[in-house]
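# Working through the structure, step by step
Listed below are the residues making up each chain.
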Amino acid sequence: ATRNDVELPRGRVFFTAPVWQAPELERGAEETKIAEAKLREVEADAEALLNTADKNPLKRLWALRKQVLALDEKRFATRRLARIRKFTAGADAAAVAGAFPGLAEGAALTVGGGGMV
């Protein structure tokens, strides 16, 4: 079969795509909000630490240590938010919701964009 500039050989074609039901989407939206709030909090803390200045060398060294820890927390919060977005449909513009064969009456799945295998 040929479509646009892609030609597929005869036979079966397999692909992967993430699939969610409503409870997972709701949980993902909640986790996204929590992770975004944590990231904003950590970014504000890191910014505040960057703006502190003290002439005492020991206090400056301690402040530097706090800055490094704050940046580590920021990186962790950023990675967590990225993972949550990756595994929830909210970040997937290709996701489509609908009833699929074999589902209970009134149930729906959301299928995200996937890659060919």
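As a reminder, the structure under discussion sits directly above these lines.
Summarised in this report is the structure supplied together with it.

### Section: the pattern of salt bridges
On inspection of all chains with the given rule, the structure shows 4 salt bridges. Note that Glu 31 and Arg 80 form a salt bridge whose closest N and O atoms lie 2.8 Å from each other. With Glu 31 in helix H1 (residues 22-50) and Arg 80 in helix H2 (residues 57-86), this residue pair connects regions lying 49 residues apart in the sequence. Through salt bridges with shared partners, one network takes in Lys 38, Glu 41 and Glu 73.

### A few points about the nonpolar core
Counting 5 residues, the largest nonpolar core consists of Ala 35, Leu 39, Ala 77, Leu 81 and Ile 84. Looking at this core, the elements with two or more residues in it are H1 and H2. Counting residues per element, this core draws most heavily on H2, which supplies 3 residues.

### Here we look at the packing of H1 against H2
Look at H1 against H2: their axes get within 9 Å of each other, and the N-to-C directions meet at 160 degrees. By the angle class used here, H1 and H2 are roughly antiparallel. Crossing of H1 against H2: the hand is left-handed. Each of Gly 28, Glu 31, Thr 32, Ala 35, Glu 36, Lys 38, Leu 39, Val 42, Glu 43, Ala 46, Leu 49 and Leu 50 in H1 lies in contact with H2, whose residues at this interface are Lys 66, Gln 67, Ala 70, Leu 71, Glu 73, Lys 74, Ala 77, Thr 78, Arg 80, Leu 81, Ile 84 and Arg 85. Tallied by class, the residues present in the contact of H1 with H2 amount to 11 nonpolar, 4 polar and 9 charged.

### A word on H2
Between its first and last C-alpha atoms H2 spans 43 Å; for 30 residues at 1.5 Å apiece the expected length is 44 Å, and the two agree. Of the surrounding elements, those touching the buried residues of H2 are H1. Structurally, the start of H2 carries an N-cap: the backbone nitrogen of Leu 58 is 2.9 Å from a side-chain oxygen of Asn 56.

About the criteria used
- Residues numbered from 1 in each chain as written.
- Predicted model: local features only at pLDDT ≥ 70, side-chain atom pairs only at ≥ 80, totals over all residues.
- Heavy atoms only, no water.
- Salt bridge = Lys/Arg side-chain N within 4 Å of Asp/Glu carboxyl O.
- Helix = DSSP H or I, 4+ residues; strand = E, 2+ residues; numbered from the N terminus.
- Core = buried A, V, L, I, M, F, W, Y, C linked by side-chain atoms within 4.5 Å.
- Buried < 20%, exposed > 50% of the residue type's maximum accessible area, 1.4 Å probe, protein only.
- Axes fitted to C-alpha atoms, helices over the stretch in contact; angles between N-to-C directions.
- Parallel < 35°, antiparallel > 145°, perpendicular 65-115°, else oblique.
- Left-handed = near helix turned anticlockwise from the far one by under 90°.
- Contact = heavy atoms within 4.5 Å.
- Nonpolar A, V, L, I, M, F, W, Y, C, P; charged D, E, K, R; others polar.
- Expected span 1.5 Å × (residues − 1).
- Polar contact = N/O pair within 3.5 Å; in protein donor to acceptor, adjacent residues only side chain to side chain.

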